[in-house]
Amino acid sequence: MSKLIVSGCSYTDNVYTSRFGFTTWTELLAEKLGMECINLGSCGSGNEYILSSLMDMMFKKEIGLMIAMWSEFLRIDFEITISRRWTHVNMRRNADSAPWRDEAKEIFQKENVGTLPAMICKGMRAFYTFQTMMEVHNIPYLQIQGCSPCHHQDEYIIMKQFFLNQYFLKMNENTFVGWPILSALGGTHIDQVLDDIDPDRKKLRISEEDTHPNEEGHKVMAEYIFKEVEREYGNL
């Protein structure tokens, strides 16, 4: 059986959704495609982890489709090589646990490490690297932005960095679903897709406090991405 290999943050992580008793869009999509699901999603992860986890799987046999569901720009990833695990620092918000993350964030901010413009550039390299590696190795793929890439008030920074970035015009709009990811530029992301259906965030979100997609939200995500797979690849 061919494999659907997917990576992302908590919008993809089946460990996160299992706390609420439902499965993720990844398993639902795999069922629609008749594929085995390999879910590499990790709660809190950034785009370096997502790219790295997928690249580490790209020489597996019988790959039917690989999907990168990208995270926020302001997440920095660190690989713990001894255990092959990863840890993450979110430059946008305080950590709920592990005080070292807040200490690291304060040091980074003091030294101007992990600024939004720099992390946008890093994210663009990840987007283009994934696209290039998939196409060079003839692997069917899609990429899509999952959660909103930044606070609404920071979108102008993304737009500015996009227009300055050498990779912006090199992205394959057929395989990057919703590119260029911001509605102001004519793009979209998963949060926007869900909000277009449920603008009050009462039907497709876990709760008012926890705005992750709920079970119905993941069904919407699976159907949305399935249609994009059909559009690009037909019957895989």
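A few points on the structure. This one's a predicted model, so the numbers in the text were calculated from it and none came from an experiment.

**A short note on the packing of helix α7 (residues 190-197) against helix α8 (residues 215-233)**
Move 1: For the pair α7 and α8, the least separation of the axes is 11 Å and the interaxial angle reads 115 degrees. Classified by the angle their axes make, α7 and α8 are roughly perpendicular. Crossing of α7 over α8 shows right-handed handedness. Between α7, through Ile190, Val193, Leu194 and Ile197, and α8, the contact on the second element is made entirely by Gly217, Val220, Met221 and Tyr224.

**Notes on the nonpolar core**
Move 1: With 41 residues, the main nonpolar core has Met66, Trp70, Phe73, Phe130, Phe162 and Trp179 as its most contacted residues.
Move 2: Mapped onto this core, the elements with two or more residues apiece are α3 (47-55), β3 (63-70), β5 (85-90), α4 (99-110), α5 (116-136) and α6 (155-164).
Move 3: Among the elements that take part in this core, α5 stands out by supplying 8 residues, more than any other.
Move 4: Apart from residues no more than four positions distant in its own chain, Trp179 is found in contact with Met124, Phe127, Phe162, Phe168, Met171, Glu173 and Gly187.
Move 5: The next biggest cluster of nonpolar side chains, apart from the first, holds 24 residues, and it includes Val6, Cys9, Ala30 and Ile225.

**Details of the pairing of β3**
Move 1: Across the 8 residues that make up β3, a large majority, 8, are buried.
Move 2: Where β3 and strand β6 (residues 141-145) come together, 5 bridges link them in parallel fashion. Opposite Met66, over in β6, you have Tyr141 as the bridge partner.

**Focus on the packing of aromatic side chains**
When we look at a pair of aromatic rings, we describe it by the centre distance and by the angle of the planes.
Move 1: Per the counting criterion, the structure on display carries 16 aromatic pairs.
Move 2: Note on Trp70 and Phe130: the rings are 6.1 Å apart at their centroids and 85 degrees apart in plane angle, and the pair reads as edge-to-face. Of the two residues, Trp70 sits in strand β3 while Phe130 sits in helix α5, which places them 60 residues apart along the sequence.
Move 3: In this structure Phe130 comes out as buried when scored by relative accessible area, which is 1%.
Move 4: Taken together, a centroid distance of 5.6 Å and an interplanar angle of 35 degrees make the contact between Phe162 and Phe168 tilted. With respect to class, Phe162 is no different from Phe168; both count as buried.

**Observations concerning the pairing of strand β1 (residues 3-7)**
Move 1: In terms of burial, β1 is a largely internal element, 5 of the 5 residues being buried.
Move 2: Burial along β1 is two-sided: the residues Lys3, Ile5 and Ser7 and Leu4 and Val6 are all buried.
Move 3: Where β1 and strand β2 (residues 36-39) come together, 4 bridges link them in parallel fashion. Pairing of Val6 across the sheet is with Asn39, part of β2.
Move 4: Pairing analysis gives 5 bridges linking β1 to β3, with the strands arranged parallel. Bridging from a neighbouring strand, Ser7 pairs with Ala68 of β3.

Conventions and cut-offs
Within any chain, residue numbers begin from 1 and follow the written order of that chain's sequence. Where totals are concerned, whole chains, interfaces and linings use all residues; where local detail is concerned, this predicted model gives features only for residues with pLDDT of at least 70, and gives and counts side-chain atom pairs only at 80 or more. Based on all heavy atoms of the structure, the side-chain values leave hydrogens and waters out of the count. Between the N-to-C directions of two axes lies an angle of 0 to 180 degrees, each axis being a line fitted to C-alpha atoms and, for a helix, fitted only over the stretch in contact. Helix and strand definitions follow DSSP, with helices as H or I runs of at least four residues and strands as E runs of at least two, each counted in order from the N terminus. An angle below 35 degrees is treated as roughly parallel, one above 145 as roughly antiparallel, one from 65 to 115 as roughly perpendicular, and anything else as oblique. Throughout, a crossing is termed right-handed when the near helix is turned clockwise from the far one, and left-handed when it is turned anticlockwise from it by less than a right angle. Contacts are assigned to residue pairs that have any heavy atoms within 4.5 Å of one another. Among buried residues, those of type Ala, Val, Leu, Ile, Met, Phe, Trp, Tyr and Cys that are joined through side-chain atoms within 4.5 Å constitute a nonpolar core. Partly exposed residues are those whose accessible area sits between 20% and 50% of the maximum for their type, while under 20% is buried and over 50% is exposed, using a 1.4 Å probe and protein chains only. A pair of strands is labelled paired if DSSP reports no fewer than 2 bridges between them. Only the six-membered ring of Trp is used, alongside the rings of Phe and Tyr, when aromatic pairs are assigned; centres must lie within 6.5 Å, and planes under 30 degrees apart are stacked while those over 60 apart are edge-to-face, with the rest tilted.

Geometry only, nothing functional implied.
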